Amino acid sequence: MLLTASDVDRAYRPTNLYYLNRSTQDRLVVDRVRLRMKTTERFAQTVLERLLQPPTAALQGAVATSFPAGTAIESVRSGEERVVIDLASPIDPLDLSVEDALRAQIRYTLNNNDVAKGRIIEIQVNGEPYAVDRPNSDEHWLDDSGDYAYFVSRGAVRYLGKDGPDGVVPGAAGEPREGYSDFAMSLAKDGPPLVAALTTTGVSVAPLTQEGGWQEVIHGESLTPPTWHRDGSLWTYDRDNAVLLRYDPARGQAPERVSAPALEKLDVTRLRIARDGVRVAVTTGKNTVQIGALTGEGGGTMLGNLQLLTTTETGSEITGVAWGDDEHLLVLVQTKAGQILNEINVGDGETTGVPLKDRLDSVAALDDRILAQAETEKGAKLVELNQDRQTWTAKVETDAGAPLFPLG
C-alpha cells in the first residue's frame, strides 16, 4: 500500500528525544513523544524544535534541555556526509560551556530517529560555526561502566563468563552464605563495585575487595529489595513506616528519607531505579507496576510523577521486574495458566512477549542481554535469551541462583 502525501502529513510516529539528567548532568534520558512524519529535513527540524519545549509529564522536573532559553531552530540542511543545524540563540560562539551537552543531545536524538547516522553534525549559532560532532564521537553520556554479569550460587556471588562460571568475587560477598537474598550490584566508578542484599533485619552491603565484609547499613524488617542509583547511593522502601530511604556509602551516615508522597497510601512491594538515574519502576500490591521519576537535587529530591504502566488480572502476580535499558522494563508475571515475560516500552506502553520454556524465578537485563534463573526437574540453572529472541541457552547447569547486572 502506498501512502499519499496527505496520508503522510496526517501520520505520526514515536520519536526518541534526549534530555539531560537534571540531578547528575552525566547522562541523557530518553523521552518518548509522537511527531508527524514528514520529509527528512523537516522532520529533523521538528524533532529539534520539540527539544526546545519541556519534556513529557512523566519526566517534568526530572530532566532539562541543553538549549538555552530563547533558542530557535533557524534551519536544518542535510547532505550525503553532513547535517548542518543553524540555531538562533543567545549562546556566545566563544563560550563552549554547553558544547558537549548540546552536541550529545542533538547527536543521540537525531541518531535514534534515523536522521544523522553516519554523518557529521555541524552546529552553527546565528550563522557562525560553533561545534562539530563526528559519528564516532565519545559516547560517555550513555556509559553503564561495562557489561559484567554475575550470578548467585549458594549465597555466593560469582562472575559469569561468556561460556559459564568465571570465578567468585573477592571478599565476603564471594563466600557461601544463608539468609541473604535479592542481591543488587552497583556501578564501578571511583572504586570497586558494591553488592547489596536483603536479610530479615535489613539491607547489608559488601565491597568486592579481598578484605570486604558485610555490613548492615539500613535496618528494618519489612524493606523492599535494594536498588542502586547510578550516583552510588542505595535505595529501599520501608513498608512498615511508609518511607523511601536512601543510603550513601561515600558518607557512611544513617540513611536519609526521600520525599515520596505518592507512595504513602500504596502497598509498595518493590522498586527499581533505571540506569538513567531518573525513572523508577514501582510495584504495588501483587499485580500493578507504575513508573515514577526522581526530581530535584540533594535534600530536595522527590519521587513523583507516578503513572500506571501495567496491571494484571486478579489471580495473577507480578513476581519480578528488571530494567533492560532506560526505556524498556521486563515484567515477569505468574498467572493461573503459567508464566508470562513481557518487555514493555515505558514511553509508549508497547509490549513484546518473550517466549518461555522453563519456569523462571528471576530475571536481569542489560541492553540486548536477558539472563534468568530457571527452575527445572534437576534444580536451578542460569539461562540466557538468544539473539533470535525466541530461544534460551543454558549458561550454568547446576547451583545457579539469581543473575545480576550492575544497576537495573
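Residues numbered from 1 in each chain as written. Predicted model: local features only at pLDDT ≥ 70, side-chain atom pairs only at ≥ 80, totals over all residues. Heavy atoms only, no water.

Caption draft 1: Main features of the overall build of the protein. Helix and strand counts for the protein stand at 3 helices and 31 strands. In summary, the protein has a C-alpha radius of gyration of 23 Å against a globular reference of 22 Å for 408 residues, a match within 12%. With respect to the principal axes defined by its C-alpha atoms, the protein has extents near 65 × 55 × 45 Å. Here the protein, with 408 residues, has 52% of them falling under the buried criterion. Partitioning the contacts of the protein with sequence separation of at least 6, the portion at a separation of at least 24 is 48%. Accessible surface, the protein as shown: approximately 18800 Å² in total, 46% of it carbon and sulfur. Across the protein, the mean location of the 41 positive side-chain charges is 4 Å away from that of the 59 negative side-chain charges. (Helix = DSSP H or I, 4+ residues; strand = E, 2+ residues; numbered from the N terminus. Rg over C-alpha atoms; globule rule 2.2 N^0.38 Å. Buried < 20%, exposed > 50% of the residue type's maximum accessible area, 1.4 Å probe, protein only. Contact = heavy atoms within 4.5 Å. Areas by Shrake-Rupley, 256 points an atom, 1.4 Å probe, with all protein chains shown as cover. Lys, Arg positive; Asp, Glu negative; His and termini not counted. Charge placed at Lys NZ, Arg CZ, Asp CG, Glu CD.)

Caption draft 2: Examining the pattern of salt bridges more closely. Counted according to the given criterion, the structure contains 18 salt bridges. In this structure, R27 engages D326 in a salt bridge whose closest nitrogen and oxygen atoms are separated by 2.8 Å. On the criterion of sequence distance, the pair formed by R27 in the loop between strand 1 (12-21) and strand 2 (28-36) and D326 in the loop between strand 23 (317-323) and strand 24 (328-335) is long-range, its members being 299 residues apart. Overall, R27 belongs to the buried group, its relative accessible area being 3%. (Salt bridge = Lys/Arg side-chain N within 4 Å of Asp/Glu carboxyl O.)

Caption draft 3: Looking closely at the sheet that holds strand 2. Spatially, the 3 strands line up as an open sheet ordered 2-1-3, and their pairing is antiparallel. Looking at the sheet topology across the chains shown, the edges are occupied by strand 2 and strand 3 (63-64). Across 9 bridges, the pairing between strand 1 and strand 2 is antiparallel. Looking across to strand 2, one finds that L20 is bridged to L28. (Pairing = 2+ DSSP bridges.)

Caption draft 4: Just the pairing of strand 10 (residues 165-168), in detail. Relative to strand 10, strand 9 (residues 156-160) is paired through 2 bridges, and the arrangement is antiparallel. Its bridge partner being in strand 10, L160 is matched across the sheet by P165. The hairpin formed by strand 9 and strand 10 contains 4 residues between the paired strands, and G164 there has a positive phi angle of roughly 150°.

Caption draft 5: Looking closely at the nonpolar core. One finds L48, I85, L102, I106, L110 and I123 to be the most contacted residues of the largest nonpolar core, which totals 32 residues. Ranked by residue count, the leading element in this core is helix 2 (residues 40-50), at 4 residues. Ignoring any residue separated from it by four or fewer positions in sequence, one finds I123 in contact with I85, L87, L102, R103, I106, E128, P129, Y130 and A131. If you look at the next biggest cluster of nonpolar residues, it comprises 16 residues, including A184, L198, V217 and L223. (Core = buried A, V, L, I, M, F, W, Y, C linked by side-chain atoms within 4.5 Å.)

Caption draft 6: Here's a closer look at the environment of E122. By secondary structure assignment, the location of E122 is in strand 6 (residues 120-125). Take E122: its relative accessible area is 15%, and that puts it in the buried class. E122 sits 54 residues away from P176 along the chain, and the two C-alpha atoms are 55 Å apart. At 3.0 Å, the side chain of E122 forms a polar contact with the side chain of R82. (Polar contact = N/O pair within 3.5 Å; in protein donor to acceptor, adjacent residues only side chain to side chain.)

Caption draft 7: Examining the sheet that holds strand 25 (residues 338-345) more closely. Taken together, 4 strands build an open sheet; the order of strands is 23-24-25-26 and the sheet is antiparallel. In this open sheet, the two edge strands, each paired with only one partner strand, are strand 23 and strand 26 (351-354). Each neighbouring strand pair of the sheet contributes to a mean axis angle of 25°, computed without reference to strand direction. When strand 24 meets strand 25, the two strands line up antiparallel, connected through 8 bridges. Directly across from T335, in strand 25, lies its bridge partner G338. (Axes fitted to C-alpha atoms, helices over the stretch in contact; angles between N-to-C directions.)

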